[in-house]
Amino acid sequence: MAKRLVYVLNGPNLNLLGLREPEIYGSDTLDDIAAMLEDRARELDIEIDMRQSNHEGHLVDWLHEAQAEGAHAVLLNAGAYTHTSIALLDAIKAISTPVFEVHLSDPTKREPFRHLSYVGMAARECFQGHGPRSYLLALEAAAAL
Ligand code: DQA
């Protein structure tokens, strides 16, 4: 049987993980997180397609693509677009692929402008505040679907 495909989509500034505000986001790079996810995905018999973009429309296109490709689930760390993007909310609602919201930090314990999550209005579940483990927890939840 073909492996289940999980898209892991990362939004703006996440390419700078490891360098960017390490006191908030830690010292792991996005490549480190990808390697950690790949290890776990192998055990779960899941194929990961991990991407990052600083452009909102790329994330919208990739959500559509996940559905078209028959992906099992999407893990989405939309970065700051989480708190601003009605386009991402609409894209998540437009597809039937389950989307899991992921954040390294816990936005609800930070500045008030991070407390609103458009992604969270349509996401299946949210994993936040666990550093890179947030991605692992989301992957486990996706695998359990
Ligand atoms: C983040 C939290 C967002 O508020 C922020 O804009 C990010 C990263 C996180 O992973 O903790 O870019 O999504």
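Draft legend 1. Just helix α4 (residues 86–94), in detail. For α4, every residue scored as buried is listed here: Leu88, Leu89, Ala91 and Ile92. Across the axial projection of α4, the buried residues extend over an arc of 165 degrees, all falling on one side. Along α4, the residues that are exposed and aim more than 90 degrees away from the buried face are Lys93 and Ala94. The secondary structure elements touched by the buried residues of α4 are α3 (56–68), β3 (73–77) and β4 (99–103).

Draft legend 2. View of the sheet that holds strand β2 (residues 46–52). Ordered in space as β2-β1-β3-β4-β5, the five strands form an open sheet in which the pairing is parallel. Bordering the open sheet on either side are β2 and β5 (125–128), each of which pairs with just one other strand. Here the average twist between neighbouring strands, direction ignored, is 20 degrees. In this sheet, β3 lies alongside strand β1 (residues 4–10) in parallel orientation, the contact comprising five bridges. Looking across to β3, one finds that Asn10 is bridged to Asn77.

Scoring rules and cut-offs
Residues numbered from 1 in each chain as written. Predicted model: local features only at pLDDT ≥ 70, side-chain atom pairs only at ≥ 80, totals over all residues. Heavy atoms only, no water. Buried < 20%, exposed > 50% of the residue type's maximum accessible area, 1.4 Å probe, protein only. Helix = DSSP H or I, 4+ residues; strand = E, 2+ residues; numbered from the N terminus. Arc of directions from axis to C-beta. Contact = heavy atoms within 4.5 Å. Pairing = 2+ DSSP bridges. Axes fitted to C-alpha atoms, helices over the stretch in contact; angles between N-to-C directions.

Geometric descriptors of this kind do not, in isolation, establish any biological role.
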